[in-house]
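An overview of the molecular structure
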Amino acid sequence: MATKPGPLSRWPWQDLGNYKYALLAPWAARSTYRFVTSGSGERDLLGFAVLPVLLLRLLYSQLWISVSRHQTARSKHRIVNKSLDFDQVDRERNWDDQILLTALLFYVVNAAAPVAQVVPWWNSKGLVVAALLHVGPVEFLYYWLHRALHHHWLYSRYHSHHHASIVTEPITSVIHPFAEEAAYFALFAIPLLTIVTTGIGSVVVANGYLVYIDFMNYLGHCNFELVPKLLFDVFPPLKYLMYTPSFHSLHHTQFRTNYSLFMPLYDYLYGTLDKSSDDLYERTLHGREEAPDVVHLTHLATPDSVFQLRLGFASLAAAPLAAAARLRLLRAVAPLARLITSLLGTTFRSEANRLDKLSIETWVVPRYTSQYLSKEGLYAIGRLIEKAVADAEASGAKVLTLGLLNQANELNRNGELYVIRKPNLKTKIVDGTSLAVAAVLHMIPQGTKDVLLLGDESKVSTVLATALCEREIQVQMVDKDLYDCLMQELRPELNKHLLLSSSYSSKVWLVGDKLTDQEQRKAEAGVHFVPYSQFPPEESREDCVYHSTPALVVPGSLENLHACENWLPRRVMSAWRAAGIVHALEKWDAHECGARVTGVDKAWRAALAHGFRPYDRHDDAAAAVAK
């Protein structure tokens, strides 16, 4: 909200959540019924078009969000090089309110004014009049209203809510308190009401005006420059009639300049043009290349998780991917998600962060977990990852971390395959085993004398068992194959701490993938389930304690982090991903892949020294209960 919220700041349906769309139901049913039952010459085209236009505007807005975030992740033409955070995402999650308000107003005006019920599809006179009214009264009145909103009384009560976003996104343009948005609607209604009441309105012009406002609003609030200079070279007066993202960004950073709506003309006329507007436009359009220091290579957990990426739905990306919500969403969007991922033939950037001078990017392999479990898909995925390694090397990345299943032994031998194929690879491949094991050790309750190790043999389980035995903690197993394998892998002097048992009596279970409900039922009450896998187990016991997958809280100085990593909460990062950042910060000149291990204690000390902090959901839950 604004710093001192004024009257009518809250939106009328603010407490309804997504149920606010139920307000449209009676109006949509009425207009549809009238359209269907009326004769062909008497149909209310304007009223019938409200609902489909609303849906198209929602889709159109989401496309702007995704494209904008993709461009800022690439960063070449970024305007404001500052951090976008979770607070801004939360503040801007109601960007669809103005679209809903438009639809309701269209319905009300349509029902109250009979002349609006006989509007044709097209009328060229209406287009000319609407354009003239926008250039004149609308732009002029908006300019002075906007300047008034920067008066300290109105600013603190209304407009400061919009200006809380220094780094703008397209949807920042429509984030205002209700009273302020209503004032804007009154201005935009001037051309619409004029052409409708004078009988020269049309469905195309009325709704086209809305699309024009959306386009210009979203364009001006992008944090990257995309307006080509050729337009201004061909038609120089255009600089007075059309603003650019860099032009309006100065209003958000300087506050007292560049007040115009879409046409800089009025800033030129009244002397409020920021003198650096042209220079910033030129510099931003030219762009600057930013090579990543660290690349984290992840993949989609499920088909629907493509929509939870930073490039997808902002509100979903800013929250952990809960299992129940994932299942509900999956049913609705799985076909579309599968289509999107099948069309993507290479990795793509989804996120760009910065820690001190370190540039960090997340690249996504457009494949999901079930495809990694298919023998047919492994070869194709391997080629995608190998190309990503080559691209990271070409971009000058110092470290590439392999997340989720991108380091599976059957896929690439824990990443070692890429080092074997390119012995002179300068980019260090890091699988994060050392830091992941360190995070698991931190979650084991103090005073633990024995643990039960469940899961398949893997690099992580081997290093974890080694670290436990070195601490003289007995490692019990019920799987003979796992026991035999560890007996061969561990140093002989540590084998005395390994025990093959048929008992599930241990109070601490270290669990890998595929922990079944049947196995969980064998646990005694109060057992601690500590995952060493990147995937959390399904929770089927209410009388047991479930810990987090290996993860760390990121340093406060890590910038531009406003999306959750899979099921982890805000500003918490998987140990595998954090390991690459620590590796780069320490400037370690060695790979951690295949059989190579950085060192559990070494990795843990380095992570803490650079501001990472231990994370365990059990600690968070205990703290919440204490409060």
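Keep in mind that what you see is a predicted model, and the values were worked out from it rather than measured.

Some remarks on the packing of helix α5 (residues 124–149) against helix α6 (residues 152–163)
Put simply, α5 and α6 touch, their axes get as near as 8 Å, and they point 105° apart. Of the possible angle classes, the one that applies to α5 and α6 is roughly perpendicular. For the pair α5 and α6, contact is made by H146, A148 and L149 and by L154, Y155 and H159, respectively. Grouping the amino acids of the contact of α5 with α6 by side-chain chemistry returns four nonpolar, two polar and no charged.

Quick notes on the UniProt feature "domain: Fatty acid hydroxylase" (unreviewed entry) in the protein chain
The positions that UniProt labels "domain: Fatty acid hydroxylase" (unreviewed entry) are, in the present scheme, residues 133–272. Each end of residues 133–272 is marked by a C-alpha atom, and these two atoms are 23 Å apart; helix forms 66% of the span and strand 0%.

Quick look at the side chain of T549
Among the structural elements, T549 can be located in the loop between β11 (545–546) and β12 (551–553). Setting aside its immediate chain neighbours within four residues, T549 contacts M443, P531, S533, Q534, F535, P536, W567 and L568.

Description of the pattern of salt bridges
The full count for this structure, using the stated rule, is 30 salt bridges. A salt bridge links K229 to E282; its shortest N-O distance comes to 4.0 Å. With K229 in helix α9 (residues 229–234) and E282 in helix α13 (residues 277–286), this pair connects stretches of sequence that are 53 residues apart. Looking at K229, the relative accessible area reads 31%, which means it is partly exposed. Note that K507 is salt-bridged to E524, the shortest N-O span being 3.5 Å. Of this pair, K507 sits in the loop between β8 (498–500) and β9 (508–511) while E524 sits in the loop between α23 (517–521) and β10 (528–531), and the two are 17 residues apart along the sequence. What makes K507 partly exposed here is its relative accessible area of 42%. Owing to a relative accessible area of 36%, E524 belongs among the partly exposed residues under this scheme. Residues joined in a network through salt bridges with shared partners are K20, D96 and D97.

Some points on helix α11 (residues 245–254)
Of all 10 residues in α11, eight are buried; the element is thus mostly enclosed. All of the buried residues in α11 are P245, S246, F247, H248, S249, L250, H251 and H252. If you follow the buried residues of α11, they end up packed against α5, α6, α8 (203–220), α12 (265–270) and α13. Immediately beyond the C-terminal end of α11, within one or two residues, lies F255, with a positive phi of roughly 75°.

Brief notes about the UniProt feature "transmembrane region" (unreviewed entry) in the protein chain
The UniProt record marks residues 45–67, 99–120, 126–145 and 183–212 with the feature "transmembrane region" (unreviewed entry), using the residue numbering of this structure. Annotated as residues 45–67, this span is 100% helix and 0% strand, and its ends, taken at the C-alpha atoms, are 32 Å apart.

The rules behind these values
- Residues numbered from 1 in each chain as written.
- Predicted model: local features only at pLDDT ≥ 70, side-chain atom pairs only at ≥ 80, totals over all residues.
- Heavy atoms only, no water.
- Axes fitted to C-alpha atoms, helices over the stretch in contact; angles between N-to-C directions.
- Helix = DSSP H or I, 4+ residues; strand = E, 2+ residues; numbered from the N terminus.
- Parallel < 35°, antiparallel > 145°, perpendicular 65-115°, else oblique.
- Contact = heavy atoms within 4.5 Å.
- Nonpolar A, V, L, I, M, F, W, Y, C, P; charged D, E, K, R; others polar.
- UniProt positions renumbered as here; feature names shortened; annotations may be inferred.
- Salt bridge = Lys/Arg side-chain N within 4 Å of Asp/Glu carboxyl O.
- Buried < 20%, exposed > 50% of the residue type's maximum accessible area, 1.4 Å probe, protein only.

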